[in-house]
Amino acid sequence: MVDYGTALALILREAAPFAVERRTLAEAGGLVLAEAVVADADLPPFDNSAMDGFALRAEGKAVAAGAEFEVAGAQVAGDEAARADGGAWEIMTGARMPEGLDSVVPVERVEVLARDGKGRPARIRLSADVQPGDNVRLRGQDVERGTTVLQPGRPVDSAAVMVLASLGVDSVAVRRRPRVAVLNTGRELVDDPRRPLASGEIRNSNGPFVSARVDAAGAELVLRETVTDEPADFLAALARALAAGADVVLSTGAVSMGRHDFVPDALRGIGADIRFHKVAIRPGRPLLFARLAGGQLYFGLPGNPASAAVGLRFFAEAALRALTGLAPERPLRMPLAAPWRKRAELRFHLKGRVELADGALRARVLHGQESFKVQPLLVANAWIVVPAESMALEAGDMVDVYAPGHAEGLKIEEVMQ
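Calculation criteria
Residues numbered from 1 in each chain as written. Predicted model: local features only at pLDDT ≥ 70, side-chain atom pairs only at ≥ 80, totals over all residues. Heavy atoms only, no water. Pairing = 2+ DSSP bridges. Helix = DSSP H or I, 4+ residues; strand = E, 2+ residues; numbered from the N terminus. Phe/Tyr/Trp six-rings, centres within 6.5 Å; stacked < 30°, edge-to-face > 60°. Buried < 20%, exposed > 50% of the residue type's maximum accessible area, 1.4 Å probe, protein only. Axes fitted to C-alpha atoms, helices over the stretch in contact; angles between N-to-C directions. Contact = heavy atoms within 4.5 Å. Core = buried A, V, L, I, M, F, W, Y, C linked by side-chain atoms within 4.5 Å. Salt bridge = Lys/Arg side-chain N within 4 Å of Asp/Glu carboxyl O.

Caption draft 1: A look at the sheet that holds strand β2 (residues 32-33). Taken in spatial order, the three strands line up as β1-β13-β2 in an open sheet, and their pairing is antiparallel. In this open sheet, the two edge strands, each paired with only one partner strand, are β1 (21-24) and β2. By the bridge criterion, two bridges tie β2 to strand β13 (residues 171-175) in an arrangement that is antiparallel. Bridge pairing in β13 links L33 to V174.

Now the structure itself:
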């Protein structure tokens, strides 16, 4: 049995990032940048108006209310550069500032004194002072040419897409999604929710749960199967998973010490290199990690739902993160809401809830920590981690807190409830 740190180091040593490839912006959503993005243009690309109003020349000093101007021209969004030789120009939001003008007064702070034959303003009077530079968005004020706007390891999320599209970036260097297969072992498992259970049978909850978590982690599910406790059936399903292109295989069940826990021997029989089997954690101690003969990563998760959830969240998802080039995850630190004790010197991963109380966040350990219980996962919005050496914690002691999945954050609306 290895400790958590050793197990994670062995996993990350095997989870080398995928090769870099270029994808169009439309294809890159959700992937992770492999190279920095440097702006090759200014944003905005030209000085423009932040308001519908009138552009003026302040010449470094305020223009007082009551000043009157002839309206010499007009500029709307999309118009080419124009030069103003004096007076005021009617201007719309986003329109390029006429050369020679440097400030904009909003339309609601202007009195129109006269209009031309087409009803357009011909002469105006200011109803408020105008300071130099008012309501003008300067070239490069948002992003200057040559600025590094995105660093490697940043997911291409909606905010990144907006910045890249604004700069006219049409493709980026990324790493592809990991392809994952899920195999659930156990002759007692029933996949069809409409079929009545026979004596000794249970519904397969791990399969749908792990598959949903794989998708939330930004990976691609290429196969999910439920197999019996026969090694031949398992190996046939594993062969189908590899044929489907899986980079990572996740199985649940058959990794403990029982007579039907066949996965370790079955893997050795096909030349897999088992890097560890059992980790000093709770729940999920029987966790197995191996590299298959073809280089694929294999995680044997225990069959109890909470044990499978911990093995997936803190070990398999760490590998998925590394394969895509994301930096190692860092937990939040916050005080514990109530005292908590443990009886085994193991690293505990606890179903928890982050709460807001008296203006501060705190983490509460939930009831129902038994590894077979699934209902507490509905209430939990975080994982609370207690290191092996900490046997007793008091209210206010600081603990590590993780979001439900590595690609997720704590849900603020749940914290506020």
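Caption draft 2: Region of the structure containing the packing of aromatic side chains. Counted by the stated rule, this structure contains eight aromatic pairs. Ring geometry for F276 and F289: centres 5.7 Å apart, planes at 35 degrees, overall tilted. Placement of F276 in strand β19 (residues 273-277) and of F289 in strand β21 (residues 288-291) is noted, with a sequence separation of 13 residues between them. You can call F276 buried: its relative accessible area is 4%.

Caption draft 3: Focus on the sheet that holds β19. Spatially, β17-β14-β18-β22-β21-β19 is the arrangement adopted by the six strands of the open sheet, whose pairing is mixed. Where the open sheet ends on each side, the last strands, each with one partner, are β17 (220-227) and β19. When the angles between neighbouring strand axes are averaged without regard to direction, this sheet yields 15 degrees. Summarising the sheet, β19 and β21 pair through four bridges and their orientation is antiparallel. Each residue of the ladder has a partner; that of H277, found in β21, is L288. Running at roughly 170 degrees to β17, helix α5 (residues 231-243) makes contact with β14 (179-185), β17, β18 (248-252) and β22 (297-301) of the sheet.

Caption draft 4: Inspection of unusual backbone geometry at higher detail. Here L43 and P44 are connected by a cis peptide whose omega angle stands at -5 degrees. Residue position: P44 is located in the loop between β3 (37-38) and β4 (48-49). With an omega dihedral of -10 degrees, the bond running from R282 to P283 counts as a cis peptide bond. Relative to the helices and strands, P283 resides in the loop between β20 (281-282) and β21. Even without being glycine, K278 reaches a positive phi, approximately 100 degrees.

Caption draft 5: Region of the structure containing the pairing of strand β25 (residues 347-357). When you tally the buried positions in β25, you get 10 out of 11 residues, the bulk of the element. Sheet analysis places β20 next to β25, joined by two bridges and oriented parallel. By the bridge assignment for β25, I281 is matched with R347. Sheet analysis places β25 next to strand β27 (residues 382-386), joined by five bridges and oriented antiparallel. In the strand pairing of β27, F348 is matched with V386. The turn linking β25 back onto strand β26 (residues 360-365) is made up of two residues, and D358 within it adopts a positive phi angle of 55 degrees.

Caption draft 6: Expanded view of the nonpolar core. V180, V248, L250, F276, F299, F314 and F315 are the most contacted members of the largest nonpolar core, which totals 38 residues. In terms of residue count, the dominant contributor to this core is helix α7 (residues 305-323) (12 residues). In this structure L250 touches V180, A181, V182, L183, V210, V214, F299, L312 and A316, once residues within four positions along its chain are discounted. Membership of the second largest hydrophobic core comes to 22 residues, among which are L183, V249, F262 and A290.

Caption draft 7: Quick look at the pattern of salt bridges. Applying the stated criterion to the full structure yields 25 salt bridges. With its nearest N and O atoms 2.8 Å apart, the salt bridge here joins D273 to R275. Residue classification places D273 among the partly exposed positions, given a relative accessible area of 36%. Three or more residues are tied together by salt bridges with common partners; here these are E68, E70, E111, R123 and R125.

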